[in-house]
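Here are the chains, one letter per residue:
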Amino acid sequence: GQQLNQSPQSMFIQEGEDVSMNCTSSSIFNTWLWYKQDPGEGPVLLIALYKAGELTSNGRLTAQFGITRKDSFLNISASIPSDVGIYFCAGQQDTGRRALTFGSGTRLQVQP
Amino acid sequence: GAGVSQSPSNKVTEKGKDVELRCDPISGHTALYWYRQSLGQGLEFLIYFQGNSAPDKSGLPSDRFSAERTGGSVSTLTIQRTQQEDSAVYLCASTPWGAGGYTFGSGTRLTVV
C-alpha cells in the first residue's frame, strides 16, 4: 500500500532554532498537507499544497510541494515553546481512494 | 456544529464486548472519514463516506469493524468482540467535498482490558 516516510521521528531543539522535517513517498500525490497534533486533540491543518513546486508560508511555517510530487518538507523558523507537538505530513491522490495517507509523525520538543 | 464532535471521549471496555463510537461532522460536510491512531503512531485509514456514494471500506482491519452514516450526517463506528489490539484513539474527520484539509474531532480513546 501507499506509505509516506517521514523524518526525523523526533527532534529536541532550543527555543529560537529553526526546524526542518520532510516526507517522501514512492507514489505520486496531487495534494500535500501538514498537520500538527497536540496531546489529547485531533490533528489541526497547518498548510495545504496543491501544485508541484508550490512554496507556501503560514507565519513562521513554510512548506514546499516537491517537483516530483513524491515529497514535501516543512520548515519552522525561530521555534517557540508552543511549537511542541507531533507534526504529520499527509498526501492525497485525485483518483481512486480519496482518503489521506499520513506519515508516521515528527515529535518536536522545544527547550525554553 | 462549529466543529467535529466525537463521543465518548474515553471508553474502557472489557475484551469481547461490542462498542459504538459516534461522530457528528461539521454541518454541510459531505465527506466523513474514520482513522485509528495507536500509541505513538501515525493515522491509519479505516473508512470513508462521501455523499450518497458507497463507502470506501478498504481500511477496515477485520470484519469485526463496521460503520454507518445515517442521513449523510452522523456516523457510528462499531467494533464487535473487542480485542486488546483494538485499543487506540479513533479519530473522525470531515470535509466539504472530500478534498484537501480535513477538520478532525478530538477522538475517542478506546481501552480494551
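Preceding block: the structure.
Residues numbered from 1 in each chain as written. Chains lettered and ligands numbered in written order. Predicted model: local features only at pLDDT ≥ 70, side-chain atom pairs only at ≥ 80, totals over all residues. Heavy atoms only, no water.

**Student:** Tell me about the interface of chain B and chain A, residues and numbers included.
**Tutor:** Residue-level contacts link 20 residues of chain B with 19 residues of chain A. Both faces considered, chain B and chain A share a buried interface measuring about 1400 Å² in area, 55% of it formed by carbon and sulfur atoms. Between chain B and chain A we count zero salt bridges in total. One can count five residue pairs in polar contact (both at pLDDT 80 or more) joining chain B with chain A. Of all the secondary structure elements, the ones that give two or more residues to the side of chain B that touches chain A are strand E4 (31-37) and strand E5 (43-50) of chain B. Classifying every residue of the side of chain B that touches chain A by side-chain character gives nine nonpolar, ten polar and one charged. (Contact = heavy atoms within 4.5 Å. Buried area = accessible area lost by both parts, 1.4 Å probe. Salt bridge = Lys/Arg side-chain N within 4 Å of Asp/Glu carboxyl O. Polar contact = N/O pair within 3.5 Å; in protein donor to acceptor, adjacent residues only side chain to side chain. Helix = DSSP H or I, 4+ residues; strand = E, 2+ residues; numbered from the N terminus. Nonpolar A, V, L, I, M, F, W, Y, C, P; charged D, E, K, R; others polar.)

**Student:** I'd like to hear about the packing of aromatic side chains, residue by residue, with values.
**Tutor:** Applying the stated criterion across every chain yields a total of twelve aromatic pairs over all chains. Ring plane angle 85 degrees and centroid distance 6.4 Å describe the contact between Phe-88 of chain A and Phe-102 of chain A, whose orientation is recorded as edge-to-face. Here Phe-88 of chain A, found in strand E9 (residues 85-92), pairs with Phe-102 of chain A, found in strand E10 (residues 101-102); they are 14 residues apart in sequence, far enough to count as distant. Per residue, the accessibility class of Phe-88 of chain A equals that of Phe-102 of chain A, and both read buried. Their ring planes at 70 degrees and their centres at 5.8 Å tell us that Tyr-35 of chain B and Phe-45 of chain B sit as a pair that is edge-to-face. Here Tyr-35 of chain B, found in strand E4, pairs with Phe-45 of chain B, found in strand E5; they are ten residues apart in sequence, far enough to count as distant. (Phe/Tyr/Trp six-rings, centres within 6.5 Å; stacked < 30°, edge-to-face > 60°. Buried < 20%, exposed > 50% of the residue type's maximum accessible area, 1.4 Å probe, protein only.)

**Student:** Requested: an account of the state of the cysteines, with residues and values cited.
**Tutor:** Across all of its chains, the model carries two disulfides over all chains by this definition. Each disulfide pairs two cysteine sulfurs, and for Cys-23 of chain A the partner residue is Cys-89 of chain A, the sulfurs being separated by 1.7 Å. Judged by the sign of its S-S torsion, about -80 degrees, the bond between Cys-23 of chain A and Cys-89 of chain A is left-handed. On the criterion of sequence distance, the pair formed by Cys-23 of chain A in strand E3 (residues 19-25) and Cys-89 of chain A in strand E9 is long-range, its members being 66 residues apart. The residues Cys-23 of chain A and Cys-89 of chain A share a single accessibility class, namely buried. Each sulfur of the disulfide joining Cys-23 of chain B and Cys-92 of chain B lies 1.9 Å from the other. One disulfide, between Cys-23 of chain B and Cys-92 of chain B, carries an S-S torsion of -65 degrees and so falls in the left-handed class. (Disulfide = S-S within 2.5 Å.)

**Student:** If you had to explain the pattern of salt bridges to someone new, which residues and values would you point to?
**Tutor:** Residue and element names in this part refer to chain B. Tallied over the full model, the rule gives six salt bridges over all chains. We note a salt bridge from Arg-22 to Asp-24, for which the minimum N-O separation is 3.8 Å. Given a relative accessible area of 28%, Asp-24 falls into the partly exposed group. One salt bridge connects Arg-64 with Asp-86, and the closest N-O pair in it is separated by 2.8 Å. Separated by 22 residues along the polypeptide, Arg-64 in the loop between E5 and strand E6 (65-69) and Asp-86 in the loop between strand E7 (75-79) and strand E8 (88-95) bring together distant segments of the chain. The exposure class of Arg-64 is buried, given its relative accessible area of 13%. Judged by relative accessible area, which is 1%, Asp-86 ranks as buried.

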